[in-house]
Amino acid sequence: MQSSVMATSSFKPQQQGSGSCHLATASAASRPLMRQCSSISWRWRWQHQHQRQHTTLQCRHGQQYSTITHSDLHADGKRQSQYTCMFRPSIWGDFFLGYSNPAASSQEQAWMERADKLKEQVAMMIRSSTTCRMHERLHLIEALDRLCLDHLFKEEISAELTKIETADVSYCDLGTVAMWFYLLRKHGYRVSPDVFLRFKDGKGGFFASSPVELLNLYNAAHLRTHGEKILDEAIQFTRKHLEETLPYVEISLAREIKYALEIPLARRVRIYESKYLISAYEQDATVNEKVLQLAKLNSNIMQLQHQRELKIVTSWWKDVQIESRLPFARDRITECYFWIVGVYFEPSNSRARIIMTMIIAIVTLLDDIYDSYGTSEECELFTKCIESWDPMMSHNLPECMQFALGRIFDSYQNIVNMLHQDEKYRMTYLKNITKDLVRCYNTEVKMLERGYIPESVEEHLQLSLRSGGCFLLSCACFVGMDGMATNEFFDWISSLPKMVQALCKVLRLLDDLQSYEREKLTPHVASTIDSYMKEHNVSREVAREKIHELKEDSWKDLNDEWLSPDNTQPKQLLERIFNITRTMEFMYNKDEIFTNCEHLEDTICSLLVEPLTIPI
């Protein structure tokens, strides 16, 4: 079978005589790909699901459908109960509806007043740091960044980075140069990797005087782009030596090295580890006490804000009635919110967080409908209902799918009501990409039934890039943001630009690498690993290594787009796409971490429940 060609799609509002909007795309049936778990799946698809008996759905002119025969609603309930035990129940339930910490709430105003005073002092500290040694200047900015305080000092940090970019680092040691390179690239400055040439030993290695220098170089090199051979060599060299050094370094450094070997610093989610870093910096005494005091206050203040938002989204999710009406689906609203806090934690993005949490929860539900419940015929009809955005077309669906459809439509209307009049146009983009997602889901369901393995990785990715859910999330991310996200920006994001393609590819390949061995234990859809084996006639081990290389190339693509002077989109918005990718690395680092949510319980509790102790 010949490789598919990426369909040319337009997700912009189309000018129609009726004033309606539609999505122009090639026929989904023409892309012979298999159903893939989406970005929020992390599970296998049971073979017996597609051995169920069902009636044939026939389409007539005008999008009218023949009746699907169901014995009765009792049969629908019996079918639901069959899949109720597929996922663990929610750990959190309605916890955040009633949770409040009276002690923390009573101190919020005092915390904010103390934080305001400390902000003035820390801002002065940044401005006066120009007289300090380069290492001290860089360490201060890195600490503010990793403690999630950078949003409080945007102007001061930007001014300092502008000065640092042109500074002479030829006299600095490897650790300092690596930190300089890392911070500038992380903030969008395309500085040259040639600064590392003088540290080369002529044998493919680097002159490093300590494990800290190795670690700094390792983290900096992961902001590499295509063709930067010296950074490729740096990663290979530092990884080897860090692994060898790990057993012999002191505990706090060993922990930092271990974390970096699992996920390099440039790919980590700052807010998830900020509390640990406050403690680590206190023990090491390497960060100014005023910065640490501000970090504690800021952490507690943001936590109270996040708890209020969790109450809102938990109340909305309770109305969706997952547990009672849709028991086949995952009940993960707290985990969804935790995920989105990793995309943007700042108080100013409150509305955006709430909206994006709603969307990722809806995508989870859609994925479970297509992947865990609906028959092929029901998925076809469900897709038509979403395409038409008309709940009246759903009367031939099982009662629970009708109910789900109504809740999805109601939720999108709730989002419309949260937007200002001049922002409501954003919903057209969101709906169009939602329609594209369910078309992809439906196509993969059909391909799964055929048992088709795509002929190549390229062919596989034609559909699986868009069925992973990240395309939709990258649009949803900006629906609730302020006016910086313009109509032109939504045109750009809906064109599936290279940066979003890189995000989608990282997700797809990460998922396949993490879940491949487990999925081989049961009949499952083909992965990119299967396609590579088929395309090149190689072993599973060789295919896994090549898919890992493709994943690393996708990170290079992402870095390229981040650093490209041709990308004129605001950095503040592009950073959110980068952050979505970082959350994917976190979620996929431990297989099934979203579905098997007990692995997230302690981290969620630390971030969203337990405040830091601050002396009065």
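Just so we're clear, the structure is a prediction, and the values are computed from it rather than from any experiment.

The rules behind each value
Residues numbered from 1 in each chain as written. Predicted model: local features only at pLDDT ≥ 70, side-chain atom pairs only at ≥ 80, totals over all residues. Heavy atoms only, no water. Helix = DSSP H or I, 4+ residues; strand = E, 2+ residues; numbered from the N terminus. Buried < 20%, exposed > 50% of the residue type's maximum accessible area, 1.4 Å probe, protein only. Areas by Shrake-Rupley, 256 points an atom, 1.4 Å probe, with all protein chains shown as cover. 1 Å grid on protein atoms, 1.4 Å probe; cavity = no way out; pocket = protein on both sides within 12 Å on 5 of 7 lines; lining within 4 Å. Points joined across faces, edges and corners; volume = space filled by probe spheres on them. Phe/Tyr/Trp six-rings, centres within 6.5 Å; stacked < 30°, edge-to-face > 60°. Lys NZ or Arg CZ within 6 Å of the ring centre and 35° of its normal. pLDDT = per-residue confidence, 0-100. Contact = heavy atoms within 4.5 Å. Axes fitted to C-alpha atoms, helices over the stretch in contact; angles between N-to-C directions. Parallel < 35°, antiparallel > 145°, perpendicular 65-115°, else oblique. Left-handed = near helix turned anticlockwise from the far one by under 90°. Nonpolar A, V, L, I, M, F, W, Y, C, P; charged D, E, K, R; others polar. Polar contact = N/O pair within 3.5 Å; in protein donor to acceptor, adjacent residues only side chain to side chain. Salt bridge = Lys/Arg side-chain N within 4 Å of Asp/Glu carboxyl O. Expected span 1.5 Å × (residues − 1). Core = buried A, V, L, I, M, F, W, Y, C linked by side-chain atoms within 4.5 Å.

A few points about the overall build of the protein
Looking only at helices and strands, the protein features 25 helices and 2 strands. The buried share among the 616 residues of the protein stands at 58%. As presented, the protein carries roughly 25,200 Å² of accessible surface, and 51% of it is formed by carbon and sulfur atoms.

Here we look at the layout of surface pockets
Put simply, the largest pocket is a space of about 820 Å³. Asp150, Lys154, Gln572, Glu575 and Arg576 are the residues nearest the centre of the largest pocket, which is lined by 28 residues in total. Taken together, the elements giving at least two residues each to the lining of the largest pocket come down to α5 (154-165) and α24 (571-589). Broken down by element, the lining of the largest pocket gets its largest block of residues, 7 residues, from α24.

Some thoughts on the packing of aromatic side chains
Summed over all chains, the structure comprises 25 aromatic pairs. Considering the side-chain rings of tryptophan 92 and phenylalanine 96, the 5.6 Å spacing of their centres and the 35° angle between planes classify their relative orientation as tilted. According to the relative accessible area criterion, tryptophan 92 is buried, its value standing at 10%. Ring geometry for phenylalanine 478 against phenylalanine 489: centres 4.7 Å apart, planes inclined by 75°, an arrangement best described as edge-to-face. Of the two residues, phenylalanine 478 is situated in helix α19 (residues 470-479) and phenylalanine 489 in helix α20 (residues 487-493); the sequence distance between them amounts to 11 residues. Take phenylalanine 478: its relative accessible area is 0%, and that puts it in the buried class. Taking the relative accessible area as the measure of exposure, phenylalanine 489 reaches 1% and is therefore buried. In this structure an aromatic cluster arises from ring pairing among Tyr425, Tyr429, Phe478, Phe489, Phe490 and Trp492. Across from the ring centre of tyrosine 452, 5.5 Å away, lies the NZ or CZ of arginine 450, which sits over that ring.

Focus: the confidence of the model for the protein
Interpretation of the predicted coordinates at a detailed level should be avoided for regions scoring low in pLDDT. Model confidence for the protein is summarised by a mean pLDDT of 86, while 84% of its residues fall at 70 or above. Low pLDDT, under 50, characterises residues 15-73; the predicted model gives this stretch 195 contacts beyond four residues in sequence or across chains.

What about the packing of helix α17 (residues 426-450) against helix α18 (residues 457-467)?
α18 packs onto α17 with a crossing angle of 130° between their chain directions and a minimal axis gap of 8 Å. As the angle between them shows, α17 and α18 are arranged oblique. Between α17 and α18 lies a crossing of left-handed hand. Facing α17, whose interface residues are Asp436, Leu437, Cys440, Tyr441, Thr443 and Glu444, α18 presents Leu463, Ser464, Arg466 and Ser467. Of the residues contributing to the contact of α17 with α18, the split by class is 4 nonpolar, 3 polar and 3 charged.

Some thoughts on the environment of glutamate 256
Tracing the backbone shows glutamate 256 in helix α9 (residues 251-262). A sequence separation of 44 residues divides glutamate 256 from valine 212, and the C-alpha atoms of the two residues are 9.7 Å apart. Excluding residues that lie within four positions of it along the chain, glutamate 256 makes contacts with Arg146, Leu215, Arg268 and Tyr276.

Notes on unusual backbone geometry
Here the phi dihedral of glutamine 321 falls at roughly 60°; this positive angle occurs in a residue that is not glycine. Of note, glutamine 321 is situated in the loop between α11 (289-320) and α12 (322-325).

Observations concerning the side chain of asparagine 298
Following the sequence through the fold, asparagine 298 ends up in helix α11. Taking relative accessible area as the criterion, asparagine 298 reaches 8% and is therefore assigned buried. Within polar-contact distance, the side chain of asparagine 298 engages the backbone oxygen of cysteine 148 at 3.3 Å. With near-sequence residues (within four places) excluded, asparagine 298 lies in contact with Cys148, Leu149, His151 and Leu152.

Re the pattern of salt bridges
Tallied over the entire structure, the rule returns 43 salt bridges. Where lysine 551 meets glutamate 552, a salt bridge forms, and the shortest distance between an N and an O atom there is 3.1 Å. Each member of the pair, lysine 551 as well as glutamate 552, carries the same accessibility label: buried. Each of Arg224, Asp232, Arg267, Lys551, Glu552, Lys556 and Glu585 takes part in salt bridges that share partners, so that together they form one network.

With respect to the environment of serine 515
Turning to its location among the elements, serine 515 is positioned in helix α21 (residues 498-519). Classification of serine 515 as buried rests on a relative accessible area of 1%. Taking the C-alpha atoms as reference, serine 515 lies 9.4 Å from serine 527; in sequence the two are 12 residues apart.

Some words on empty space enclosed by the protein
The full count for this structure, using the stated rule, is 4 cavities of 30 Å³ or more. By volume, the largest cavity is sized at about 110 Å³. For the lining of the largest cavity, the elements supplying multiple residues, two or more each, are α10 (270-284) and α24. Residue contributions to the lining of the largest cavity peak at 4 residues, all from α24.

What about helix α16 (residues 399-418)?
The first and last C-alpha atoms of α16 sit 29 Å apart over 20 residues, in line with the 28 Å expected at 1.5 Å per residue. Inspection of α16 places Cys400, Met401, Phe403, Ala404, Leu405, Ile408, Phe409, Ser411, Tyr412, Ile415 and Val416 among the buried residues, and these make up the whole buried set.

Things to note about the packing of helix α4 (residues 134-146) against α5
Where α4 meets α5, the closest approach of the two axes is 11 Å, and the angle between their N-to-C directions is 145°. Remark: the crossing between α4 and α5 carries left-handed chirality. Taken together, the residues of α5 that come into contact with α4 (itself represented by Met134, Arg137, Leu138, Ile141 and Leu144) are Ile157, Glu160, Leu161, Lys163 and Ile164.

Quick word on helix α25 (residues 601-608)
For α25, the set of buried residues is Ile604, Cys605, Leu607 and Leu608. On its buried side, α25 packs onto α2 (95-98), α10, α11 and α13 (333-341).

Quick look at the environment of valine 525
Residue position: valine 525 is located in the loop between α21 and α22 (528-536). Distance in space between the C-alpha atoms of valine 525 and isoleucine 453 is 8.1 Å, their sequence separation being 72 residues.

Some words on the nonpolar core
Within the largest apolar cluster, 121 residues are counted, with the highest numbers of intra-cluster contacts made by Ile271, Ile359, Phe382, Leu430, Phe478, Ile577 and Met584. In terms of residues, this core owes the most to one element, helix α14 (residues 350-373), which gives 15 residues. By size, the runner-up hydrophobic cluster in this structure holds 69 residues, among which are Ala115, Ile126, Met134 and Leu304.

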